[in-house]
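Geometric and topological summary
The primary structure of each chain is shown beneath.
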Amino acid sequence: MPYWLLTRASWVLGLCAVLFVLNGFLVGWVQAYEVMVGLTSPAQVRPQWCAWLLSVTGWAAIPAFVGGMAGYLVTAQIQAHQALPLEEVLTRVRELSAPPPPPPGGSSP
């Protein structure tokens, strides 16, 4: 995960940060946040050119980043589970599906 964040995702995070800071100084921090998350239309703030860039970034790049991170984590989990031999997986499944043992020291009615 750290390798992916540093090599593949760093430019996305950097672009989002630069656009947010630029908009924070130009349109205000609250307006920049509201434009980024889609609460305010970029057409309602001035200057519009930077607000539109931030809006598109918030609409497209942020979900793509989150989806990429989730995909990476899911892939890592799948690969970790595929590394187990089939017999070991079947043994674990049998152990989990076995009925629980009777309580110790108790007599049946």
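To start, this report covers the structure provided alongside it. (Residues numbered from 1 in each chain as written. Predicted model: local features only at pLDDT ≥ 70, side-chain atom pairs only at ≥ 80, totals over all residues. Heavy atoms only, no water.)

With respect to helix α3 (residues 29-37)
At 3.6 residues per turn, the α-helix brings residues three or four places apart onto the same side. Ala32, Val35 and Met36 are the residues of α3 that are buried. Taken end-on, α3 shows its buried residues confined to a sector of 100 degrees, consistent with a single buried face. With its phi angle positive at about 90 degrees, Gly38 sits one or two positions after the end of α3. (Buried < 20%, exposed > 50% of the residue type's maximum accessible area, 1.4 Å probe, protein only. Helix = DSSP H or I, 4+ residues; strand = E, 2+ residues; numbered from the N terminus. Arc of directions from axis to C-beta.)

Quick look at the side chain of Ser55
Inspection of the secondary structure puts Ser55 in helix α4 (residues 48-82). Residue classification places Ser55 among the buried residues on the basis of a relative accessible area of 15%. The contact partners of Ser55, leaving out residues within four places of it in the chain, are Val35 and Pro42. (Contact = heavy atoms within 4.5 Å.)

Quick word on the packing of aromatic side chains
Under the criterion given, the structure shown has two aromatic pairs. Taken together, a centroid distance of 5.8 Å and an interplanar angle of 50 degrees make the contact between Phe20 and Trp29 tilted. Taking the centre distance of 5.3 Å and the plane angle of 65 degrees together, the rings of Phe25 and Trp29 count as edge-to-face. Residue Phe25 is classed as exposed on the basis of its relative accessible area of 65%. Relative accessible area serves as the criterion here: at 42%, Trp29 is assigned to the partly exposed category. Three or more aromatic residues link up through ring pairs in this structure, and these residues are Phe20, Phe25 and Trp29. (Phe/Tyr/Trp six-rings, centres within 6.5 Å; stacked < 30°, edge-to-face > 60°.)

Note that all results are geometric; they support no functional claim without further evidence.
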